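The primary structure of each chain is shown beneath.
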Amino acid sequence: MEFLYVTLLCLFALLVTLSLHWLFYKNKPNLTLPPGKTGWPVIGESLEFLSTGWKGHPEKFIFDRMAKYSSQVFRTSLLGEKAVVMCGATGNKFLYSNENKLVQAWWPASVDKVFPSSNQTSSKEEAIKLRKMLPNFLKAEALQRYIGIMDHIANLNFSSGWENKQEVVVFPLAKRYTFWLACRLFVSIEDPDHVDKFADPFNLLASGLISVPIDLPGTPFHRAIKASDFIRKELLAIIKQRKVDLAEGKATTTQDILSHMLLTSDDDGKFMHELDIADKILGLLVGGHDTASSACTFVVKYLAELPEIYERVYREQMEISNSKSPGELLNWNDIQKMKYSWNVACEVLRLAPPLQGAFREAIADFMYNGFTIPKGWKLYWSANSTHKNPEFFPEPEKFDPSRFEGKGPAPYTFVPFGGGPRMCPGKEYARLEILVFMHHLVKRFKWEKLIPDEKIVVNPMPIPAKGLPIRLYPHKS
Ligand code: HEM
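- Per an unreviewed UniProt entry, the protein goes by Cytochrome P450 and derives from Nothapodytes nimmoniana.
- The annotation that UniProt attaches to the protein under Cofactor (unreviewed entry) is "heme".
- Entered under Subcellular location (unreviewed entry) in the UniProt record, the comment concerning the protein runs "Membrane".

This is the structure we're talking about:
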């Protein structure tokens, strides 16, 4: 009897489900989704997506599918989400121009949990205001004052980490440089011991940021959350102390980004909360130093491989160096003269973009290229879909800084910093720190790679697998 009841109950449940399904879908038009496949349940094509990066060719995931399905747009499933990859300059333009109209920023769940403020600040509106203010602290005019400090920190770094060494491993040193710089320029921490105290939790944070969001002891994600709590507490203490120092005249209003943030109000005259400032600085420190250290590492790699390009960078930097009196720091004019060096850095960013792309979320159903993009689906723009595409960069694997001369690449094709309203606010800052790094590097050394065919791993940023060990040859003075 009991068995009969259970069977009837199951049949009833099935009937209700089928009816609801029919009711819900009968009036829905047939959606024409972009071509592609969504792969395995839940993991979708995430493994293929990530593993092409681990093997050093993240563009393979994109180009294989562009060839198979469409050169404009294809469907996939990444990080547990249904996703559409928009390709080429048209795809980039579409996503950059439709921010907050058809799409909005989206980060994987792990990022949102490590940076809770992106969802839980006093209000979402406040977060938008903060984003609007951020470029003010990082635009060229504001940064000009910092060039001398960058020069000073680079000098300390090269004297302590590079000089009097026959061999060095580049990536950790580049990371130390960009992190030290960020600590100094964002919150005025210059003491190397204090910087090192911060460095470990930051490494834990960075490695757990894009990970499976399982918050259990021992998982990278758990360690990242713990590290971010630790850093946030430290930053709050620094912020409170700074407020006191500013009130007592012991700190200046322009000494770093923290002072700027504390003293700048929004359009309504409101100042940022301490926790918001801590989170913004945390985000800047994370977003800022790993990307730039990857770029600096690849500058070293390519200059080792291309002696004629090294020679031109060397000549440009020595001309600047020779024009200065002993001890005189680099300034804005010097940076403006580093044109060839910047073209070289751009070519590095084209071939090894530190960020491979970024996600958005569709905030409404819309049509793209004749296909329906359903609301809630994630959208991805990929730097490689243009950077490594012969349609936009002939002979894409060739290192050729002259691509950036004259008018440079066509719009929406060179996008290491993204584009539109969400374009990287740290672009100018990154330009300065990379150029100052190149100045100090070529001024002191020539070098050669110790592992000629060192593998590149992209996880999520490109890094030579062994960190790029090199042998240094100091210039004879
Ligand atoms: C070579 C170095 C760098 C590269 C290649 C880079 C690249 C990028 C890219 C591609 C984005 C995402 C744009 C998008 O969502 O479409 C981004 C966002 C961001 N970057 Fe950078 N970045 C670099 C350095 C920096 C630095 C030095 C800072 C801070 C000083 C910084 C701060 C940020 C912030 C805060 C965002 C988020 C902006 C938003 O969500 O509106 N970045 N960056």
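Structural notes on the overall build of the protein
Okay, step 1: Scanning the protein from terminus to terminus reveals 19 helices and 12 strands.
Okay, step 2: When burial is assessed residue by residue, the protein has 38% of its 477 residues classed as buried.
Okay, step 3: Contacts spanning at least 24 positions in sequence make up 72% of the contacts within the protein whose residues lie at least 6 apart.

Quick notes on unusual backbone geometry
Okay, step 1: In this structure, the amide linkage connecting asparagine 459 to the following residue, proline 460, adopts the cis form with an omega of -10°.
Okay, step 2: Note on placement: proline 460 falls in the loop between β10 (456-458) and β11 (462-464).
Okay, step 3: Despite not being glycine, leucine 79 shows a phi value in the positive range, around 50°.
Okay, step 4: In this fold, leucine 79 is placed in the loop between β1 (73-78) and β2 (81-86).
Okay, step 5: For serine 188, which is not glycine, the phi dihedral falls at a positive 60°.
Okay, step 6: Note on serine 188: 18 C-beta atoms within 10 Å, which makes it partly exposed.

With respect to the site of the ligand
Okay, step 1: Every one of the 22 residues lining the ligand counts as a neighbour, but Gly288, Ala358, Gly418, Cys424 and Gly426 are closest to it.
Okay, step 2: Within the residue set of the shell around the ligand, elements represented by two or more residues are α7 (124-138), α14 (274-305) and α19 (427-444).
Okay, step 3: The leading source of residues in the shell around the ligand is α14, at 7 residues.

Describing the nonpolar core
Okay, step 1: Formed by 82 residues in total, the largest nonpolar core has its most connected members in Phe186, Leu205, Ile281, Val299 and Ile434.
Okay, step 2: Take this core: its biggest share by element is 14 residues, from α14.
Okay, step 3: Residue contacts for isoleucine 434: discarding those within four places in its chain leaves Ala292, Ala295, Cys296, Val299 and Ala345.
Okay, step 4: Counting 24 residues, the second largest nonpolar core, distinct from the first, contains Phe61, Phe74, Val84 and Tyr380.

Focus: helix α12 (residues 220-247)
The periodicity of an α-helix, 3.6 residues per turn, causes residues three or four places apart in sequence to face the same way.
Okay, step 1: Counted at 1.5 Å a residue, the expected span for α12 with its 28 residues is 40 Å, and the 40 Å between its end C-alpha atoms agrees.
Okay, step 2: Looking at the buried positions of α12, the neighbouring elements they touch are α5 (109-114), α11 (192-209), α13 (257-263) and α14.
Okay, step 3: One or two residues past the end of α12 sits glycine 249, with phi positive at roughly 75°.

Looking at the pairing of strand β12 (residues 469-474)
Regular strands show a simple pattern: their side chains alternate between the two faces of the sheet.
Okay, step 1: As judged from the 3 bridges shared by strand β4 (residues 167-169) and β12, these two strands associate in the antiparallel manner. Across the sheet, the residue bridging to valine 169 is proline 469, located in β12.
Okay, step 2: Alignment of strand β9 (residues 445-449) against β12, held across 5 bridges, turns out to be antiparallel. Of the residues in β12, the one forming a bridge with lysine 449 is isoleucine 470.

Considering the pairing of strand β5 (residues 357-362)
Okay, step 1: Pairing geometry for strand β3 (residues 103-105) and β5, over 3 bridges, is antiparallel. Bridge pairing links alanine 105 to arginine 360 in β5.
Okay, step 2: Two strands pair when backbone bridges link them, and β5 and strand β8 (residues 378-382) are joined in this way by 5 bridges, in the antiparallel orientation. Note that in β8 the partner of phenylalanine 359 across the bridge is tyrosine 380.

Examining the sheet that holds β4
Okay, step 1: Pairing is antiparallel in the open sheet, where 3 strands are placed in the order β4-β12-β9. Since the sheet does not close on itself, it has two edges, and those belong to β4 and β9, each with one partner. Averaged over all neighbouring strand pairs, the angle between strand axes comes to 35°, with direction disregarded.
Okay, step 2: Strand contacts of helix α10 (residues 170-187): β4 and β12, with the helix running at about 65° to β4, the strand carrying the most contacts.

Remarks on the sheet that holds β2
Okay, step 1: Pairing in this open sheet of 5 strands is mixed, and the strands run β1-β2-β8-β5-β3 from one edge to the other. Single-partner strands in this sheet number two, and they are β1 and β3. Across the sheet, the axes of successive neighbouring strands diverge by a mean angle of 35°, strand direction being ignored.
Okay, step 2: When β1 meets β2, the two strands line up antiparallel, connected through 6 bridges. Looking at the pairing, valine 73 lines up with methionine 86 of β2.

Things to note about the UniProt feature "binding site: heme" (unreviewed entry) in the protein
Okay, step 1: Residues given the UniProt feature "binding site: heme" (unreviewed entry) here are Cys424.
Okay, step 2: Along the chain, cysteine 424 falls in the loop between α18 (384-387) and α19.
Okay, step 3: Using a count of 21 C-beta atoms within 10 Å as the deciding quantity, one classes cysteine 424 as buried.
Okay, step 4: Setting aside residues up to four positions removed in sequence, cysteine 424 forms contacts with Phe417 and Gly418.

Quick look at helix α3 (residues 58-68)
Okay, step 1: Every buried residue of α3 is listed here: Pro58, Glu59, Phe61, Ile62, Arg65 and Met66. The buried residues of α3 occupy an angular sector of 155° when the element is viewed end-on, so they sit on one face. Opposite the packed face of α3, turned more than 90 degrees from it, sit the exposed residues Ala67 and Lys68.

Here's the deal with the packing of α11 against α12
Okay, step 1: Contact pair α11 / α12: the axes reach a minimum separation of 7 Å and the direction vectors enclose 140°. In this view, α11 runs oblique relative to α12, as classed from their interaxial angle. For α11 against α12, the interelement crossing comes out left-handed. Counting all contacts with α11, which are made through Phe198, Pro201, Phe202, Leu204, Leu205, Ser207, Gly208 and Leu209, the residues of α12 involved are Pro220, Phe221, Arg223, Ala224, Ala227, Ser228, Phe230 and Ile231.
Okay, step 2: In the contact of α11 with α12, the residues fall into 12 nonpolar, 3 polar and 1 charged.

Here is what the cut-offs are and how they apply
Residues numbered from 1 in each chain as written. Predicted model: local features only at pLDDT ≥ 70, side-chain atom pairs only at ≥ 80, totals over all residues. UniProt positions renumbered as here; feature names shortened; annotations may be inferred. Helix = DSSP H or I, 4+ residues; strand = E, 2+ residues; numbered from the N terminus. Buried ≥ 20, exposed ≤ 12 C-beta atoms within 10 Å, placed from the backbone. Contact = placed C-beta atoms within 7 Å. Near = placed C-beta within 6 Å. Core = buried A, V, L, I, M, F, W, Y, C linked by C-beta atoms within 7 Å. Expected span 1.5 Å × (residues − 1). Pairing = 2+ DSSP bridges. Axes fitted to C-alpha atoms, helices over the stretch in contact; angles between N-to-C directions. Arc of directions from axis to C-beta. Parallel < 35°, antiparallel > 145°, perpendicular 65-115°, else oblique. Left-handed = near helix turned anticlockwise from the far one by under 90°. Nonpolar A, V, L, I, M, F, W, Y, C, P; charged D, E, K, R; others polar.

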